[in-house]
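Take a look at the letters that make up each chain.
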Amino acid sequence: MNAGIAQLQMQFRDYTISLYQQGFLDDQFTELKKLQDDGSPDFVAEVLLLFFEDCVKLIGNMARALDKSTGTVDFSQVGASVHQLKGSSSSVGAKRVKGLCVTFKEYCEAQNYEGCVRCLQQVDIEYKTLKTKLQDMFNLEKQIVQAGGVVPQVDID
Amino acid sequence: MEVCNCIEPQWPADELLMKYQYISDFFIAVAYFSIPLELIYFVKKSAVFPYRWVLVQFGAFIVLCGATHLINLWTFTTHSRTVALVMTTAKVLTAVVSCATALMLVHIIPDLLSVKTREMFLKNKAAELDREMGLIRTQEETGRHVRMLTHEIRSTLDRHTILKTTLVELGRTLALEECALWMPTRTGLELQLSYTLRHQHPVEYTVPIQLPVINQVFGTSRAVKISPNSPVARLRPVSGKYMLGEVVAVRVPLLHLSNFQINDWPELTTKRYALMVLMLPSDSARQWHVHELELVEVVADQVAVALSHAAILEESMRARDLLMEQNVALDLARREAETAIRARNDFLAVMNHEMRTPMHAIIALSSLLQETELTPEQRLMVETILKSSNLLATLMNDVLDLSRLEDGSLQLELGTFNLHTLFREVLNLIKPIAVVKKLPITLNLAPDLPEFVVGDEKRLTQIILNIVGNAVKFSKQGSIYVTALVTKSGTRAPDFFVVPTGSHFYLRVKVKDSGAGINPQDIPKLFTKFAQTQSLATRSSGGSGLGLAISKRFVNLMEGNIWIESDGLGKGCMAIFDVKLGISEQSNESKQSGIPKVPANPQHANFTGLKVLVMDENGVSRMVTKGLLVHLGCEVTTVSSSEECLQVVSHEHKVVFMDICLPGVENYQISLRIHEKFTKQRHQRPLLVALTGNTDKSTKDKCMSFGLDGVLLKPVSLDNMRDVLSDLLEHRVLYEAM
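Residues numbered from 1 in each chain as written. Chains lettered and ligands numbered in written order. Predicted model: local features only at pLDDT ≥ 70, side-chain atom pairs only at ≥ 80, totals over all residues. Heavy atoms only, no water.

### Quick word on the UniProt feature "transmembrane region" (unreviewed entry) in chain B
Quick note on the threshold: UniProt positions are given in the numbering used here, feature names are shortened, and annotations may be inferred rather than shown by experiment. In DSSP terms, a helix is any run of H or I states spanning at least four residues, a strand is any run of E spanning at least two, and both are numbered starting from the N terminus.
The UniProt entry lists residues 20-41, 53-72 and 92-113 of chain B under the feature "transmembrane region" (unreviewed entry), expressed in the numbering used here. Annotated as 100% helix and 0% strand, the span residues 92-113 of chain B places its first and last C-alpha atoms 31 Å apart.

In structure tokens:
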């Protein structure tokens, strides 16, 4: 069903482009895609999986650190986690998350509790959104492959 | 009285007598008539009877007789004149025929008799032929037996089987009671009973060979009948009852290997014979027939042939066994020799080391001693010590080299080097001595001489040094010219043709000196070790005489040739050698390490197998960096902490990427500690590259101060990383990727 494949491919292209345009992904993600080859065919998926697990862990750490009920808030610890998250997100090209981490870091340094809490919530929402969106993109890829087509290279200018 | 024409009998017939006569005549007539009929009948039956005419005559005669008798019947009574007439006619006819028959029989009866004799003769002949036929059949039987026997005998090459089979088969064919074989003993003076048919284990029984009966048998090649009482025939317990059967003996020639010369038939003079004795069953009326004797003779001959074949085979088997033994022995000897050589080499190597160590000590300390304050006598002594020990060291080296060269265990150590530089260095070494002797040395390198070549640098140096050194040593005045060029044409030695192949060429070096020269007759001796031309001039100069021999061996190893030309004593000489060298791929490119090279990054730089270490605390970025490097073909090891990094890092890793994200100096410590780890093997230290998100100068300065070889800005793109790796491996330093 060539028409079906072409349609799927078109869909995939549009969706991918939209992700970039909406700022969810940046060039680093493109770089990441370049690293996927016959030797490591699921490289991107593996990296993203690791990233999201990391997110969960770090956000948990941050949440615990920002929990006032245990005592005073250790901003350095929060900062450390934020720093980690920033590094991770920049590695995978999660633009929005990275941006949020930058802001988050500033609040940590300023020891702005409310700011931190707010950022934390935003980060949580943001990574989950990204996760869903990426999931959709992967589903499209899978559909194309199952239909016997080839996943198109999407060049972002 | 009437006259009647009838004839009356003279007397009155008696009635009875007349009757009897009447009847007899009747029967006679019948018989006379029936006999010819029978004759005709039987003659008709049988086709063969040559005398029909006689039969006819006989028949006529008988018929007429019968007629006569029949007509007689009528004459008993009164009969008419007609009857008398008929009677008379009949009688006349009968008389005629019978006379004729009688006359005929005179001719015929001898013939008939001769037929009989011929028949007799033929019968005899037939009987004779029958007899002869029987004889031929017997002979043919015999022939068959002989063939069968021969086949049996010849089918084996084992001496004992041959002899045994002979006896068995003969016994069977001729239905013998006993066969025996007497073989001559080693001394040749006796015959020993070796084989018998019936008795399985004959008692050791010998008979002197000089018995007349034995001589008689040996004297002829025919089978000889001998007396059953002769010593050779007395094999069974003699019991008086039996009438011993006839005995025949025949000689069996035993051909010895030495009888067979290549172009000679076996000599018949010195022959050894065995004796075969055959006995017919006792108490039978059998006699030896001629054909049986012939059979025996034929068999004896066949046995002789078969035995000689067996002897030849034995001989060749023995020779083969001997050869195999020798092979084994040779193999053992070879292995022993190899072990000996190995042992000697080991010994030499060890001794060499053991000898060199004190030698070096002596040389080193003597040199040091030279530097100190010494009185002139002391200085002279020290110089002598130094010179002698240097000489000794050279001698040791030469001997070791030569012995390694001789048994082919020396191998060239190939490497790339600068040929031009090599020449200049050699000349620099020689120059001091040459200057002292006021001998200018000129070096002339051909313009097409490649600069970078592949070969054994050390040994080539040795060769050139040796040749030029000799030139200097043996020249008192004049000058020395050293020329190096690429040669293509054939050289002086006619069996050595120079063919420059693709990546190889032949270097020719000519060293001309104006020294003492060499007598052309001495030239071949030059290259033999330890030989030196014994002119006074050379006696004073040192050296072991090994130099040229070693040089020659090296030149040969390099697939080249070396020779010396001289116009005679006092006219100087020219040493020339050719060696095969490889052309280096980087030839004619200046590759000085000081000049920065423009990085020409190939699009697909090959980093396959390049071992790198990635240190990053962040799992995700660690994974991404790893993926990047793996994609470029590197072998990546990841660690997540500095401690782990220190444990894992080794000289195998060419680059260490470390993530420095936190400010502060802790991360940089790792760099210092890696430096520490590799102080001893500085050249094996991996390159250290920091991955950081900070772009400011302070980070860069800090990195530099902590001994990092480069800084990279995160995140690194694929192209960026590729360029970076190329640059790093080229220059071992990278500070521009900011």
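### Side note on the sheet that holds strand 2 (residues 190-196) of chain B
Residues and elements named next belong to chain B. Rules: Here, a strand pair is defined by DSSP locating no fewer than two bridges between the strands. Only C-alpha atoms enter the line fits that serve as axes; for helices the fit covers just the stretch in contact. Angles between N-to-C directions range over 0 to 180 degrees.
With antiparallel pairing, six strands are arranged side by side in an open sheet as 3-2-1-6-5-4. Whereas interior strands pair on both sides, the edge strands pair on one side only; in this sheet they are strand 3 (206-208) and strand 4 (224-226). Neighbour-to-neighbour, the strand axes of the sheet open up by a mean angle of 35°, direction not taken into account.

### What to know about the interface of chain A and chain B
It is common to give the size of an interface as the accessible area lost on bringing the parts into contact. To keep it simple, the criterion reads: In what follows, residue pairs with any heavy atoms lying within 4.5 Å of each other are defined as contacts. In short, buried area is how much 1.4 Å probe accessible area vanishes from two parts on joining, totalled over both. By convention in these notes, a salt bridge is any Lys or Arg side-chain nitrogen within 4 Å of a carboxyl oxygen on Asp or Glu. Polar contacts, as counted here, are pairs of nitrogen or oxygen atoms within 3.5 Å of one another; within protein the pair requires one atom able to donate a hydrogen and one able to accept it, and residues that are adjacent in sequence qualify only if both atoms are side-chain atoms.
Opposite the 19 residues of chain A that make contact, chain B presents 17 residues. Summing the contributions of chain A and of chain B, the shared interface buries around 1,500 Å²; its carbon and sulfur component is 66%. Across the contact surface, chain A and chain B share zero salt bridges. Put simply, chain A and chain B have five residue pairs in polar contact (both at pLDDT 80 or more) between them.

### Details of the nonpolar core
In globular proteins that are soluble, nonpolar side chains generally tend to be buried together. In plain terms, the rule: In plain words, nonpolar cores are sets of buried Ala, Val, Leu, Ile, Met, Phe, Trp, Tyr and Cys residues tied together by side-chain atoms within 4.5 Å. The classification of residues rests on relative accessible area computed with a 1.4 Å probe and restricted to protein chains. Under 20% of the type maximum is buried, over 50% is exposed, and intermediate values are partly exposed.
With 68 residues, the main nonpolar core has Phe104(A) and Phe657(B) as its most contacted residues. Leu449(B), Phe505(B), Leu526(B) and Phe554(B) belong to the second-largest nonpolar core, a separate cluster that totals 42 residues.

### Considerations on the environment of Leu189(B)
All names here are of chain B. On the secondary structure map, leucine 189 appears in the loop between strand 1 (178-184) and strand 2. Classification of leucine 189 by relative accessible area gives exposed; the value is 59%. Apart from residues no more than four positions distant in its own chain, leucine 189 is found in contact with Pro208 and Ile209.

### Some thoughts on the pattern of salt bridges
All names here are of chain B. Evaluation of the coordinates by the stated rule reveals 21 salt bridges over all chains. Taking the shortest distance from any N to any O, the salt bridge between glutamate 297 and arginine 222 comes out at 3.3 Å. One end of the pair, glutamate 297, is in helix 6 (residues 290-371); the other, arginine 222, is in the loop between helix 5 (212-219) and strand 4, with 75 residues separating them in the sequence. With a relative accessible area of 13%, glutamate 297 lands in the buried category. Residues aspartate 709 and arginine 685 are paired through a salt bridge, measuring 3.2 Å at the closest nitrogen-oxygen approach. Taken together, the residues aspartate 709 in the loop between helix 16 (697-705) and strand 18 (710-713) and arginine 685 in the loop between helix 15 (666-677) and strand 17 (687-692) connect sequence positions 24 residues apart. On the accessibility criterion, arginine 685 (15% relative accessible area) is buried. Among the charged side chains, a salt-bridge network with shared partners connects Asp331, Arg334, Arg335 and Glu338.

### Looking at the packing of aromatic side chains
All names here are of chain A. Selection rule: Any two of the Phe, Tyr and Trp rings considered here, Trp counted by its six-membered ring, make a pair once their centres fall within 6.5 Å; the pair's planes then place it as stacked at under 30 degrees, edge-to-face at over 60, or tilted in between. In this analysis the charged atom, NZ for Lys or CZ for Arg, is taken to sit over a ring once it is within 6 Å of the ring centre and within 35 degrees of the ring normal.
If you walk through the whole model with that rule in mind, you get five aromatic pairs over all chains. Ring geometry for phenylalanine 51 against phenylalanine 52: centres 5.3 Å apart, planes inclined by 50°, an arrangement best described as tilted. Pair check on accessibility: phenylalanine 51 and phenylalanine 52 agree, each one buried. Seen in terms of ring centroids, phenylalanine 52 and tyrosine 127 are 6.2 Å apart; in terms of plane orientation they differ by 35°. Their pairing is tilted. Here phenylalanine 52 is found in helix 3 (residues 43-65), whereas its partner tyrosine 127 is found in helix 6 (residues 113-146), with 75 residues between them in sequence. Here phenylalanine 52 matches tyrosine 127 in class, with each residue buried. Among the aromatic side chains, those forming a connected cluster through ring pairs are Phe51, Phe52 and Tyr127. Here arginine 96 stacks its cationic end above the ring of phenylalanine 24, 4.2 Å away from the centre of that ring.

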